[in-house]
Structure formats: structure tokens, C-alpha cells
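# Architecture at a glance
Next come the chains, spelled out residue by residue.
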Amino acid sequence: MARLRKGARISVAAGALATLAACAGGNTPPGPGVNGVPGSINSANASHDVGLILPLTGRNAVIGARMRDAAVLALSSHGSPKLDIHDSNGPGGSLQAVNDAVAHGDAILLGPLTATDTAMVSPVALNAGLPELAFTSDSGNARPGVWVLGLTPEQQVRRMIDAARATGRKTFAAFLPDNALGHATGDGLLRACQDAGLAVPQIVYHSADPQSIVSGLKTLSAIDTRMPATAPVVAPPVADGPSAIDPVAEAPPAAPVSAAPAAPAPAVAVPPPPFDGLVLADTGLALAQVIAELKADHIDASNVQIMGPALWKAFDGKLGALHGAWYAAPDARDRNGYVAQYRAVYHQPPSPVTDLSYDAAALSGALIKQGGVTAQGLTRADGFMGVDGLFRLLPDGHVTRALAIFQIQPGGGARIVVPASREIAVRPS
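For clarity, every value in this text was computed on a predicted model and none was experimentally measured.

Here is what the cut-offs are and how they apply
- Residues numbered from 1 in each chain as written.
- Predicted model: local features only at pLDDT ≥ 70, side-chain atom pairs only at ≥ 80, totals over all residues.
- Heavy atoms only, no water.
- Axes fitted to C-alpha atoms, helices over the stretch in contact; angles between N-to-C directions.
- Helix = DSSP H or I, 4+ residues; strand = E, 2+ residues; numbered from the N terminus.
- Parallel < 35°, antiparallel > 145°, perpendicular 65-115°, else oblique.
- Left-handed = near helix turned anticlockwise from the far one by under 90°.
- Contact = heavy atoms within 4.5 Å.
- Expected span 1.5 Å × (residues − 1).
- Buried < 20%, exposed > 50% of the residue type's maximum accessible area, 1.4 Å probe, protein only.
- Arc of directions from axis to C-beta.

Orientation of helix α3 (residues 93-104) relative to helix α4 (residues 115-127), taken along the N-to-C sense of each, is 30°, at an axis distance of 9 Å. With respect to α4, the element α3 is oriented roughly parallel. Between α3 and α4 lies a crossing of right-handed hand. The segment α3 lies against α4, with S94, L95, V98, N99 and V102 engaging D117, M120, V121, V124 and A125.

And the structure:
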């Protein structure tokens with residue numbers, strides 16, 4: 001694999017890029033293109049600059065500025081290519097930005113940030129033979145020549161299903177919000193199960209209406225058919241006394257009888273639901289409602305491996321009620337060196353989304369230093385070691401990532417129970 005970072009010093013980029021170039025082979029000629037995307041830019045006005053499209057004005061300007069700073073940091077070493085920076089919210093928007101990057105003859109395009117802007121930019125970049133590393137997490141934008149760098153629901157689900165299978169889980173289901181995140185998660189689960197040769201998972205989508213959550217989860221869990229029949233009620237024995245027929249008649253004197261304590265009601269055993277792995281994607285108030293219904297429908301870590309989105313990492317300290325549940329996310333320890341670099345230069349910690357622009361810029365710079373951006377170089381089989389761990393660009397535009405499995409603890413918070421791999425598994429095509 002090739003590394004994109006090395007150590008925690010400010011000069012880290014130079015060492016990391018040199019290492020990547022050496023691993024990839026500095027004398028490797030430009031490789032063939034992928035689906036019309038050439039191995040390198042050959043136009044008369046071609047440069048070795050790296051095009052960068054980010055929102056530098058407007059509501060996402062702060063995010064865009066921090067991502068720009070991360071890209072600058074990645075290309076700060078001597079001999080690195082220059083950044084050709086464009087504002088996706090400037091006059092003409094992202095469409096004008098990509099046309100300007102094409103006219104400049106950039107070797108590769110980084111960005112834009114959102115799925116909407118990516119959908120507008122990609123056709124222009126592809127038509128110009130300009131490889132694009134987009135920062136969106138919408139895998140619907142992935143295609144040959146356009147790579148989706150964001151952490152997608154499909155990546156997370158696939159990692160968790162693989163880990164759950166290793167513990168013997170075989171039957172999966174999902175209870176998901178009826179929104180873009182929910183459907184992306186459901187699609188990812190379907191593909192992961194299909195690729196693993198598992199049964200088609202049952203997926204139920206719910207609205208924000210609490211009743212939709214109640215009824216939907218009852219249907220998915222089949223709780224009505226799982227609940228055992230009510231045990232017959234047996235009346236406790238009573239001492240001799242007035243007749244039930246003649247309650248006023250007095251009974252003959254008898255020795256006092258001490259009432260025996262009532263026996264505790266036996267615990268009712270409820271069979272497990274028709275799945276041993278359940279994928280969720282809710283957050284906020286909807287998640288609180290889902291947690292309550294999981295308990296009501298007898299779904300817990302004793303019989304089902306519950307799995308959720310990486311979004312849970314931001315508030316897992318409040319998720320003690322879901323103890324035993326998993327989510328897949330990068331190991332934060334992998335980015336310690338990058339955090340130190342960024343903080344030393346910009347005097348503030350980097351937000352997680354800046355990891356994408358740093359890695360994209362470092363990768364681009366390394367390939368340009370070795371002789372040019374090529375399809376062969378971008379899709380190298382052993383991948384790259386980035387800020388958040390190992391990742392690999394696939395020829396179809398998707399990206400695979402080595403993620404850690406976090407388990408929520410009884411008091412809240414989470415710990416890693418399955419470390420991120422240092423090898424990239426080949427995803428079935």
C-alpha cells in the first residue's frame with residue numbers, strides 16, 4: 001500500500017508523498033484511461049496544477065475554507081503542484097468553476113462538496129477527460145472517472161455485515177427512516193447480503209410519525225406471533241372461612257393460618273425475532289422512539305446484533321440503552337498526526353470533513369510528482385494509507401475503506417471491538 005502521511009511534523013507531507021511515489025514507481029508511464037477518462041491530460045495547455053472546487057462563500061464557506069486549508073497543507077512541501085482554487089458559490093456556481101478548471105488544464109479535479117454540485121460538475125469533467133475526486137458521500141454520483149470520497153452508508157453497512165457474519169450472524173433486517181440516508185443504507189444492505197450469498201434482508205421504512213415507528217417495528221419483529229399464550233391464572237389457596245355459597249355463615253373455629261407469600265410470576269420467555277442482525281439509521285428523537293420500541297418488542301443484544309450509522313459516534317455517550325450495538329467508523333487514532341499538523345499551522349483542530357481534502361490533495365500531488373495522474377495510479381490494488389486509514393479507489397468510482405467496529409458500552413460511549421484492517425478486501429463486482 002502507499003502511505004499519504006507519515007509522522008506528526010509539519011514537513012510530513014513531503015515525506016509521505018515521496019513514499020507514495022516510490023511505492024507506485026516513479027518511472028511508471030501513464031496508464032490507460034477508464035471508460036473514456038484518459039490516463040493523463042494531454043491537451044496543449046495542460047498544467048500540473050490540482051483543481052479544487054469548494055464553497056468559499058455562502059452558508060458552507062467555513063467548511064470550504066477549512067477544507068481548502070487542509071489541501072494547502074497537504075501540498076505545502078517543496079516541489080508539490082499548485083492548487084487551482086475555484087468557488088462553487090461564485091458567479092456561475094459550480095458549473096463555471098469546473099469550466100474554469102478545464103480551461104486551466106488541471107491534471108485532476110478535487111471536489112465539489114455536495115451531491116448536487118457533483119452531479120453538475122461531473123459531466124463536464126468527464127467530457128474533458130479530467131479525473132474527479134468528489135467529497136460527497138452520495139454513492140449515486142460514483143462512476144468510472146468520478147470517485148466518491150465521502151464515508152458512504154454502503155461502506156459502513158458492508159463493514160458491519162462482514163464483521164457480524166464472522167460472529168455467526170446469517171439473517172439480516174433493517175428498520176430505517178424513509179429518507180435519503182435510510183434508502184442509501186437499505187441499498188447498501190441489499191448489496192452486501194447479495195455479495196455474501198445471504199438471504200435477501202427484510203427492510204421496513206418508517207416515517208417520522210411515532211405510530212409509524214411502533215407499527216413498523218412490530219411488523220418487522222413479528223412480535224405478535226412471538227409472544228407466548230397467556231399462562232392460566234391459578235387462584236392462591238385460602239384458609240377455611242365463610243362459604244362462598246353462604247358468605248355470612250361462620251366457619252367453625254380453627255387454628256389461625258398464616259397466608260403463604262405469593263409466588264413470583266414466572267418470567268415469560270419470548271422467542272427471538274426472525275433475524276439475528278438489525279441495521280438502523282435513525283438519530284435524534286426518532287432514535288429515542290426506536291429504542292423504546294426495540295425494548296417493547298424484545299429485541300436486544302442478547303438475541304440480535306444491532307448496527308447503526310457512523311453518525312452515532314458524535315453522541316454515543318448518550319446511547320447506553322443500546323449497549324452492545326455497533327457502528328463502523330474510522331479509528332480516530334489514525335488521524336492524530338494530521339490533527340497535530342493542522343493545529344500547529346492553523347491554531348485550531350481540523351473538522352473531520354477536512355480529512356477528505358487533505359487525502360485527495362496528497363494523493364494527487366504524489367501521482368503528479370511520479371509522472372502524472374493516471375487511471376492505473378489512482379486505482380492501485382493495494383490502496384493508500386490516508387488520514388482516516390486505508391482506502392482504495394475502484395474503477396467504477398466507488399471507494400472501499402478499512403473501518404473499525406465500535407461497540408456501545410452500558411454506560412454510554414464506545415470502544416473498538418474489531419480494529420480497522422490494514423489490507424483492503426476486494427469488493428465483488
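Structure shown, so let's carry the discussion forward.
Three- or four-residue spacings in an α-helix give side chains the same orientation, since the helix completes a turn every 3.6 residues. With 12 residues, α3 ought to run about 16 Å at 1.5 Å a step, and its terminal C-alpha atoms sit 17 Å apart, in line with that. Among all positions in α3, only G93, S94, A97, V98 and A101 are buried. Along the axis of α3, the buried residues cluster in a sector spanning 150°; they form a single face. Against β2 (50-54), β3 (83-87), β4 (108-110) and α4 lie the buried residues of α3. Where α3 terminates, the next one or two residues include G105, which has phi positive at roughly 80°.

This paragraph deals with the side chain of T152. In this fold, T152 is placed in the loop between β6 (146-148) and α5 (153-166). With relative accessibility at 4%, the residue T152 sits in the buried group. Non-local contacts of T152, meaning those with residues more than four positions away in its chain, are made with S137 and S139.

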